[in-house]
Amino acid sequence: MHKSIQLDQPDKPPNDSNGTNHVHNQRIVETETADGFKKKEQSWFATCQIPTDLSIQVEDVTFHVHKYPLVSKCGYLRTIELPRPNSHLGYDLKLEKFPGGSGTFEIILKFCYGLPISLNPDNVAATRCASEFLDMTEAMEDGNLIAKTEAFFTFVVLSSWNDTITVLRSCEILSPWAENLQMVRRCCDSIISKISRGNSAEEKLIEENWWFKDVTSLHINHFLRIITALRAKEMNPEIIGSCIICYGEKWLPSTDTKTEETGNYGNRIIDFHFMSGRKQETKIGQNKERRTIIESLVSILPPQKEAVPCKFLLWMLKKAIVYAPSPVLVFELEKRISMVLENATVNDLLIPTNSVGEQTIDSTEKQTMHNLEAVQRILDYFLIYEKQQLQQQGLKSTASNISKLVDSYLAEIASDPNVSIDKFQILAESLPLEARASHDGLYRAIDTYLKTHPSLSEHDRQRLCKIMNCGKLSLDACTHAAQNDRLPLRIVIQVLFSEQVKMKAAIQGKDHITSDDESDKESSQSPSKKEVKSLKEELEKIKIQMEELQRDYSELQHNYEKVNNKNTKTSWTFGWRKMKKSAHSNGKLDSEVTEEGHNRSNVGCKACSRRRQSIS
């Protein structure tokens, strides 16, 4: 939409002694469709008694004006050689990349024609840059526009917090003029000074984050400059970290899927494919802007561990992987996460593998939904960092604190059918052996993986189960594992043996505790005969249960040796798998293998039944 300017002038302007024409009583009327103008090829011409002698185009607006009011105050128009009128182009002069555009040029025209103008925080920066563009200095005329805008900016804008923020926002589209005129630097210095005073002398009266809302509304370059200066002034790193978190949450869109809301793999895989297809619709320019924000925020993170929580660091890592910034920055962020990994949760570690960069995803390629490589690198960095801390400061190992976190993460990714057994095993074996006090969580993860991958060979099942130490399973886990047909038979036997050892140790510990209790009671009061008798009866029952467990174990071991000696061609593993397969399907087996599996199944069921009764 074009705008027009109509100029009304007297019939005969007076002449000075030098013969120079001056224009008086000039009036600018802004119209869109005026009777005093004629439209011709998207341009507006004033119909007045003194015709205009200059046409200037700014953006899509053509202004038909008089030369003298502009040349008398604009050094730029005086120094250049104005071209002759060109009917084909429709303008004499075109101002390319004019600061502030056509709206600011209207303010310039009003000032040149002597009309009052209204400066405010919204237009002062653009007007200041435009007057510099046109060279409206004091050498051209006293009280020219550069001096007026500079005075307003210095004495009015910089003294007010809100006005300074408003002007700094308007400078975002005035680069490089606002930078070269030091307007951005002076605004940032004013903001930093006010923040420093507000967080020192007035911190008891004002909340320490009173400035977050305004500062986080700025462009990333201006925000980066302010935070860098505050860090140089040694402001509390937790306050700076909180401001960075607010900025990231405001400017980076939420890319979280149902991965963080549900543990169901089916729901998560739908969201995964949805995001993979949606990323092709995302604009490249928008991705570059978000990538710049991520890189800038990571670069200004305070070095202190307590400055930002682990949850935010992992959230930033997800964004970094999605928008694919430099790998160096991703690795640096992973190292930072490893320092506070013990504060993470399983949902925080569920990092997506997809990205919205320039690369495309092959829908036929099988890939894991979660980024296992990133978590693997974080664990490696954690172990290296912990080793350095132990050597330098002699601190206590914290590897045991994240063992439950790793096991829960393994159980979560085990439901992904695209997770290979090699990646799962390497991730499970990342922690040292002494890090896990209990292997219940690891058993749960392995059982979930076996359930999701039923086509694993017997060799792979045994290789996977070797990660688990049956001696570190609780009695409840042992009970479940002994009846788990997904586990190899060798592992089941180890579980039964481990359970037997635990029961024996429990009995011995109970005898020891009983003797200690009796010695304590003797010092105070002698126990009654009824209590002693009940304790002895309970011990006898436990001993009988232990004997039954030993018979069950011996019976299973005897049957195992018997089957191995009977059929050298058919291994125990083959027979065990055939027996399980026949129990879950209606297919027919060879008569000898079926009878053999049936006999072992009966023996095993009797043993398990007696063992469950003994445990109960």
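Because the structure is predicted, anything quoted here is derived from the model rather than measured.

A.B. asks: Would you mind going over the overall build of the protein with me for this structure?
C.D. replies: Of regular secondary structure, the protein possesses 26 helices and 7 strands. Of all 616 residues assigned to the protein, the portion counted as buried reaches 44%. The contacts of the protein with a sequence gap of at least 6 include a subset with a gap of at least 24, amounting to 71%.

A.B. asks: Help me understand the sheet that holds strand β7 (residues 93-95), please; the structure alone is not making it clear to me.
C.D. replies: Backbone hydrogen bonds are what pair the strands of a sheet, in a parallel or an antiparallel way. If you walk across this open sheet you meet the 3 strands as β6-β5-β7, and the pairing is mixed. With one partner strand each, in any of the chains shown, β6 (61-65) and β7 form the two edges of the open sheet. Here the average twist between neighbouring strands, direction ignored, is 25°. With 5 bridges joining them, strand β5 (residues 54-58) and β6 adopt antiparallel strand pairing. Bridged to I56 within β6 is F63.

A.B. asks: I'm lost on the packing of aromatic side chains in this one. Help?
C.D. replies: The way to describe two aromatic rings as a pair is by their centre distance and the angle between their planes. Applying the stated criterion across every chain, the model contains 12 aromatic pairs. For the ring pair Y76 and F133, a centre distance of 5.4 Å and an interplane angle of 45° mean the geometry is tilted. Of this pair, Y76 sits in helix α2 (residues 75-79) while F133 sits in helix α4 (residues 124-133); the two residues are 57 residues apart in sequence, bridging distant segments of the chain. For Y76, a relative accessible area of 26% corresponds to the partly exposed category. On the basis of relative accessibility, which here comes to 15%, the residue F133 falls in the buried class. When the centroid spacing of 4.2 Å and the interplanar angle of 20° are considered together, the rings of F223 and Y247 count as stacked. Separated by 24 residues along the polypeptide, F223 in helix α10 (residues 220-232) and Y247 in helix α11 (residues 237-251) bring together distant segments of the chain. Residue class for F223 comes out buried when judged on its relative accessible area of 0%. By relative accessible area, which is 1% here, Y247 ends up buried. Feature note: the residues F63, Y76, F98, F105, F133 and W177 constitute an aromatic cluster, connected by ring pairs.

A.B. asks: Please explain the pattern of salt bridges as it appears in this structure.
C.D. replies: For side chains of opposite charge, pairing can occur when their charged atoms come near one another. For the structure on display, the rule yields 14 salt bridges. Residues R128 and E132 are paired through a salt bridge, measuring 2.8 Å at the closest nitrogen-oxygen approach. Of the two residues, R128 and E132 are both situated in helix α4; the distance of 4 residues between them amounts to about one turn of the helix. A residue is classified by how much of its surface remains accessible, and E132, at 29% relative accessible area, is partly exposed. Note that R486 and D447 form a salt bridge whose closest N and O atoms lie 2.9 Å from each other. Here the residue R486 occupies a position in the loop between α22 (475-482) and α23 (489-524), and D447 occupies one in helix α20 (residues 440-452), the gap between them amounting to 39 residues. Its relative accessible area of 23% is what places R486 among the partly exposed residues. For D447, a relative accessible area of 8% gives the class buried. Among the charged side chains, a salt-bridge network with shared partners connects R128, E132, E150 and R186.

A.B. asks: Looking at this model, I keep getting lost on helix α18 (residues 403-413). Mind explaining?
C.D. replies: Helical periodicity: at 3.6 residues per turn, an α-helix aligns residues three or four positions apart in one direction. With respect to burial, α18 is a largely interior element, 9 of its 11 residues being buried. Those residues of α18 that sit buried are S403, L405, V406, D407, Y409, L410, A411, E412 and I413.

A.B. asks: What should I look at first to understand the pairing of β5 in this one?
C.D. replies: Two faces, one strand: in a regular strand the side chains alternate between the faces of the sheet. Counting buried positions along β5 yields 5 of 5 residues, so the element is predominantly enclosed. Going residue by residue along β5, you find L54, I56 and V58 tucked away on one face and S55 and Q57 tucked away on the opposite face as well. Hairpin connection of β5 to β6: 2 residues between the antiparallel strands, including E59 at a positive phi of 60°. Of the strand pairs in this sheet, β5 and β7 are connected by 3 bridges, and their pairing is parallel. Bridging across to β7, I56 finds its partner in L93.

A.B. asks: What's the story with the nonpolar core in this structure? I'm lost.
C.D. replies: In summary, soluble globular proteins display a tendency toward joint burial of nonpolar side chains. Judged by nonpolar contacts, the single largest core of 114 residues is most densely connected at W211, I226, L341 and F424. No other element matches helix α14 (residues 310-323), which puts 11 residues into this core. Residue contributions to this core reach at least three from each of two domains, namely domain 1 (36-177) and domain 2 (208-255 + 284-354 + 369-381). Once you skip the residues sitting within four places of it in the chain, L341 turns out to touch C310, L349, I378, L379, F382, I402 and L405. The next biggest cluster of nonpolar side chains, apart from the first, holds 24 residues, and it includes V61, C112, M136 and L145.

A.B. asks: Help me out: how do you make sense of the packing of α20 against helix α21 (residues 458-465) in this one?
C.D. replies: Packed helices, taken two at a time, are described by their axes: the angle between them and the distance between them. Following both chains from N to C, one finds α20 and α21 inclined at 165°, their axes separated by 10 Å at the closest point. In terms of orientation, α20 lies roughly antiparallel with respect to α21. α21 is crossed by α20, and the crossing has right-handed handedness. Across the interface between the two elements, I446, Y449 and L450 from α20 touch R461, L464 and C465 from α21.

A.B. asks: Help me out: how do you make sense of the packing of α18 against α20 in this one?
C.D. replies: Between α18 and α20, the shortest axis-to-axis distance is 8 Å and the interhelical angle comes to 10°. Our classification of the angle between α18 and α20 gives roughly parallel. Two secondary-structure elements touch here, α18 through D407, L410 and A411 and α20 through G441, L442, R444, A445 and T448. Here the residues of the contact of α18 with α20 are counted per class, giving 4 nonpolar, 2 polar and 2 charged.

A.B. asks: Quick question: what am I supposed to make of the environment of D163 here?
C.D. replies: Along the chain, D163 falls in helix α6 (residues 161-170). Note on D163: relative accessible area 21%, which makes it partly exposed. For the pair formed by D163 and D122, sequence separation is 41 residues and the distance between their alpha carbons is 8.5 Å. Not counting residues up to four positions away in its chain, the partners in contact with D163 are P121, V156 and V157.

A.B. asks: Please clarify how the environment of Q557 should be interpreted in this entry.
C.D. replies: Structurally, Q557 can be placed in helix α24 (residues 529-566). Considered as a pair, Q557 and I493 are 64 residues apart in the sequence and their alpha carbons are 8.5 Å apart.

A.B. asks: Explain the confidence of the model for the protein to me, please; I cannot follow it from the model alone.
C.D. replies: Reading fine detail from the predicted coordinates is not recommended where pLDDT is low. Confidence in the prediction for the protein averages 75 pLDDT; 68% of positions are at 70 or higher. Confidence over residues 1-39 falls short of pLDDT 50; this stretch has 88 contacts with residues more than four positions distant or in other chains.

A.B. asks: Even after reading the chapter, I still don't get unusual backbone geometry, so can you show me in this structure?
C.D. replies: Negative phi values dominate among residues other than glycine, just as trans dominates among peptide bonds. Here the bond from S175 into P176 is cis, since omega is 5°, no more than 30 degrees from zero. One can find P176 in the loop between α6 and α7 (177-180). Backbone geometry at K97 places phi at a positive 50°, although glycine is not the residue there. Looking at where K97 falls in the secondary structure, it is placed in the loop between β7 and α3 (101-112). A positive phi angle, near 65°, is found at Q182, a position not held by glycine. Within the secondary structure, Q182 is located in the loop between α7 and α8 (183-198).

Cut-offs used in this document
- Residues numbered from 1 in each chain as written.
- Predicted model: local features only at pLDDT ≥ 70, side-chain atom pairs only at ≥ 80, totals over all residues.
- Heavy atoms only, no water.
- Helix = DSSP H or I, 4+ residues; strand = E, 2+ residues; numbered from the N terminus.
- Buried < 20%, exposed > 50% of the residue type's maximum accessible area, 1.4 Å probe, protein only.
- Contact = heavy atoms within 4.5 Å.
- Pairing = 2+ DSSP bridges.
- Axes fitted to C-alpha atoms, helices over the stretch in contact; angles between N-to-C directions.
- Phe/Tyr/Trp six-rings, centres within 6.5 Å; stacked < 30°, edge-to-face > 60°.
- Salt bridge = Lys/Arg side-chain N within 4 Å of Asp/Glu carboxyl O.
- Core = buried A, V, L, I, M, F, W, Y, C linked by side-chain atoms within 4.5 Å.
- Domains from an automatic or database assignment.
- Parallel < 35°, antiparallel > 145°, perpendicular 65-115°, else oblique.
- Left-handed = near helix turned anticlockwise from the far one by under 90°.
- Nonpolar A, V, L, I, M, F, W, Y, C, P; charged D, E, K, R; others polar.
- pLDDT = per-residue confidence, 0-100.

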